[in-house]
Structure formats: structure tokens, C-alpha cells
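Descriptive structure summary
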Amino acid sequence: MSLTDEQLAEIEAQRAATTETRRATVPALEDMLYRAVPVLDHGFVRVIDYMGDDGAVVQAARVSYGRGTRKVSEDAGLIRYLMRHRHSTPFEMCEIKFHVKLPIFVARQWIRHRTANVNEYSARYSIMDREFYIPAPEQLAAQSASNRQGRGDVLAGEEAAEVMELLRNDAARNYEHYVWMLNEEGPDTAHDPGRDGLARELARMNLTLNCYTQWYWKTDLHNLLHFLSLRADPHAQYEIRVYAEAMIDMLRAWVPATYQAFVDYRLGAVTLSAQMLAVVKRRLAGEDVTQAGSGLSKREWSELEAVLAG
Ligand SMILES: Cc1cc2nc3c(=O)[nH]c(=O)nc-3n(C[C@H](O)[C@H](O)[C@H](O)COP(=O)(O)OP(=O)(O)OC[C@H]3O[C@@H](n4cnc5c(N)ncnc54)[C@H](O)[C@@H]3O)c2cc1C
């Protein structure tokens, strides 16, 4: 994570200031507020602001005049009921705002989640940092043979070294060309008065997708859970999953009852089709069901087997 001393000082100054409020606050999340949690080699995620807590979910579900909360166990029970039955609007009453620094190719996946408010660092206005995501050696894997959207075995030896070299060199070379085209005076760059320099909005097109971008990303709790359920899932690409995992720690601090219900009914749960359920019932009744007699395709069968074995 490459925050400058100045940025770190700004964060600490913001953390030092406190405001009295009548609104709900969550001490565990207050403790995390503004601090950047490192993700990947130069990225981070940090909470900038939030509205509501578990109590706000309960309050909205009961359409209360006051806080609306009762015993902790009753409130948790209601939250679990809402989660189980996909009664989602009470979760929309809480909001959270993150500041995320992430590689551009991860941002492309992330931005597909439309139910959020986003403001991204402008490479038309500012110069991109000289920072590239270079995977750790254990993440440098071959294409998966069984899953077109996944990774297989980790590359080794000479091939791994060569791939690493290409990633580093291509990113560095393209960045050098970017800086040359900009032709701007900077801490590490000189201005050549003999050239006009290309506009920032054009020069950026030459950068590699492993350059880091940044944005503020605000969403409500319901849509955050949807995002996390898709992106913390083992099917999600590692490079976005690590962000989702860091955000799940923040979720746990913010809304512990909602977090637990989410883990139990969403993250740790599976959906079975009607045919899959029929197979489970037949097996429970002692029948020896095979794929051929199950009504499931080979793929569905192996997915069911994986669920039942897991
Ligand atoms: C493992 C994985 C692999 C993927 N592979 C691909 C891929 O190969 N190619 C690709 O293009 N994308 C891919 N995606 C992206 C995926 O298709 C979704 O675009 C992304 O996950 C965002 O999900 P979402 O639309 O549910 O979220 P959001 O945009 O946050 O929307 C949340 C919900 O709101 C509703 N909604 C929002 N906007 C609309 C709308 N305009 N119309 C109707 N309903 C709406 C839907 O119910 C939606 O589920 C992949 C995602 C994952 C997790």
C-alpha cells in the first residue's frame, strides 16, 4: 500500500476529530474509520462514512417511532428472518461509503455492480501514479483446464520468471511512454519545451490494465451484501475477492447481527434445484441414485456431489 506521509497524516488528522451526534454510531467501525486496509501490492480499502447499524434494520422493519430495538436476541432473530426470507428493503436503510484503490482490470469487474454511487479518480484531470499490480508468485497460475473462467496450477521455473519479467517490463515501458507523451514537469519527469505534449485524456490510453485507479464507492447494505456474496465467492477472481474479504471484516464490525445472518443464509448457503432436492430426498430415503437416473446433467451432478461432499 503506497500512501504518502502526507496522506497518512491527513487520515490521522481526520481520525483525531470527533463530532457529537444523536445518530447511531458503531464503536467497532468507528475504530476502523478512515484507516486504509492494504489489499494486493499497492491497493487498499477504507471506510469513509456510514449510516445506520443493525438497529436501523430492525427499526425500519418495525417502522418504529423510536429506536425500535428490543432484546439483542429478538433483534438478531428478526434480522435472520428478514435475511432468510429475502425481505431486503430494511437492509437498504443502512449505507456505507468506501475509498478503494484497485487495479484497472479489477475496477472493470467491480463497476458492473450498478447499484452503487461511484466517483473515480480522473485521469483526464490528473496524472496516474506509477504503480502496477504484479501478482505474487503463488497467484501466477495457468489457465484452468476445467473452468474457462478460472486458474489452474501455479506456473513454475523459467516460465514463471519470464511472465513476471514481461508483466513488470510492459507496465514500466508503457508508463514511460505515457510520461513521455504527457511531457509535463514533475518530481521524476522533465518538460521538453520543444514538444507540446499530448492531453492527459489521450495519453492514458497507452497504460496497462494493472495500473491502479481509485474511487469512492457508496452503496446500501442490501446491495453491499449482494456484491460481497458474488465477489467473496470462490468463483470470483482472486484479485477482486481479496477486496471483498477485507470488506467483510468491516461488515462484521459494522452490523454484527446482519453479518452473521449473511454468513449463515447467503455466504455459507447453497441453492438446490428441484431436481437436486429430489436426489437428496431419494438418497435420504436410502435409494442408491446415479447420475443417469437423477435427471441432472453431468455438470449439475458433479456440482451437487461437491456441495454434499463439502
Ligand atoms: C464469477 C462472475 C463471473 C462473471 N462473468 C461475467 C462475464 O463473463 N461477462 C460479463 O459481462 N459479466 C460477468 N460477470 C458480471 C455479472 O454478470 C454482473 O454484471 C455483476 O456480477 C453485477 O451483478 P448485478 O447485476 O446483480 O449487480 P448490480 O448491478 O448491483 O444489480 C443488483 C441487482 O439489481 C437489479 N438490476 C440492476 N440493474 C438492472 C437493470 N438494468 N435491469 C434489471 N435489473 C437490474 C438486478 O436484480 C441485479 O441483480 C460475472 C460476475 C461474476 C461474479
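All of the points below concern the structure found in this document. Everything quoted here is computed from the prediction, not taken from an experiment.

Quick notes on the rules
Residues numbered from 1 in each chain as written. Predicted model: local features only at pLDDT ≥ 70, side-chain atom pairs only at ≥ 80, totals over all residues. Heavy atoms only, no water. Near = heavy atom within 4 Å. Polar contact = N/O pair within 3.5 Å; in protein donor to acceptor, adjacent residues only side chain to side chain. Areas by Shrake-Rupley, 256 points an atom, 1.4 Å probe, with all protein chains shown as cover. Nonpolar A, V, L, I, M, F, W, Y, C, P; charged D, E, K, R; others polar. Buried < 20%, exposed > 50% of the residue type's maximum accessible area, 1.4 Å probe, protein only. Helix = DSSP H or I, 4+ residues; strand = E, 2+ residues; numbered from the N terminus. Arc of directions from axis to C-beta. Contact = heavy atoms within 4.5 Å. Pairing = 2+ DSSP bridges. Axes fitted to C-alpha atoms, helices over the stretch in contact; angles between N-to-C directions. Salt bridge = Lys/Arg side-chain N within 4 Å of Asp/Glu carboxyl O. Core = buried A, V, L, I, M, F, W, Y, C linked by side-chain atoms within 4.5 Å. Phe/Tyr/Trp six-rings, centres within 6.5 Å; stacked < 30°, edge-to-face > 60°.

1. A closer look at the site of the ligand
Near the ligand the following residues occur: Arg112, His113, Arg114, Thr115, Gln149, His226, Leu230, Arg231 and His235. Taking Arg114, its main chain carries an N or O atom lying 2.6 Å from an oxygen atom of the ligand. Between the ligand and the protein, one listed contact pairs an oxygen atom with a side-chain N or O atom of His226 at 2.6 Å. Taken by itself the ligand offers 940 Å² of open surface, and the protein chains cover 48% of this. For the shell around the ligand, the per-class residue count stands at 1 nonpolar, 5 polar and 3 charged.

2. Re helix H11 (residues 274-284)
Residues Met276, Val279 and Val280 constitute the buried set of H11. Axial view of H11: buried residues confined to an arc of 100°, hence all on one face. When the buried face of H11 is taken as reference, the exposed residues oriented beyond 90 degrees from it are Ala274 and Lys281. Looking at the buried positions of H11, the neighbouring elements they touch are helix H12 (298-309). Gly286 occupies a position one or two residues after H11 and carries a positive phi of about 95°.

3. A closer look at the sheet that holds strand E4 (residues 117-120)
Taken in spatial order, the 5 strands make up an open sheet running E1-E2-E3-E7-E4, and their pairing is antiparallel. Only two strands of the sheet have a single partner each, and these edge strands are strand E1 (37-39) and E4. Averaged over all adjacent pairs, the angle separating strand axes in this sheet is 25°, with direction ignored. Of the pairings in the sheet, the one linking E1 to strand E2 (residues 43-51) comprises 3 bridges and is antiparallel in character.

4. Looking at the pattern of salt bridges
Enumeration according to the criterion identifies 16 salt bridges in this entry. The partner of Lys218 in a salt bridge is Glu95, with the nearest N and O atoms 3.0 Å apart. Highlighted residues: Lys218 in strand E7 (residues 212-220) and Glu95 in strand E3 (residues 95-103), separated in sequence by 123 residues. Its salt-bridge partner being Glu303, residue Arg299 comes within 3.7 Å of it at the nearest N-O pair. Pair noted here: Arg299 and Glu303 are both in helix H12, with a separation of 4 residues, about one helical turn. Note on Arg299: relative accessible area 59%, which makes it exposed.

5. Some remarks on the nonpolar core
Core analysis: the largest hydrophobic core is formed by 55 residues, its most contacted members being Phe98, Trp110, Leu221, Leu224, Tyr243, Leu251 and Trp254. When residues of this core are assigned to their parent elements, the largest contribution, 11 residues, is made by helix H9 (residues 238-254). Once residues lying within four places of it in the same chain are set aside, the contact partners of Leu221 are Val57, Phe91, Cys94, Leu251, Trp254, Val255 and Thr258. Residues Phe132, Met164, Ala171 and Leu182 belong to the second largest nonpolar core, which totals 16 residues.

6. With respect to the packing of aromatic side chains
Enumeration according to the criterion identifies 10 aromatic pairs in this entry. Note on Trp110 and Tyr243: the rings are 5.7 Å apart at their centroids and 75° apart in plane angle, and the pair reads as edge-to-face. Residue Trp110 is found in helix H5 (residues 104-110), and its partner Tyr243 is found in helix H9; the two are separated by 133 residues along the sequence. Neither Trp110 nor Tyr243 differs from the other in exposure class; each is buried.

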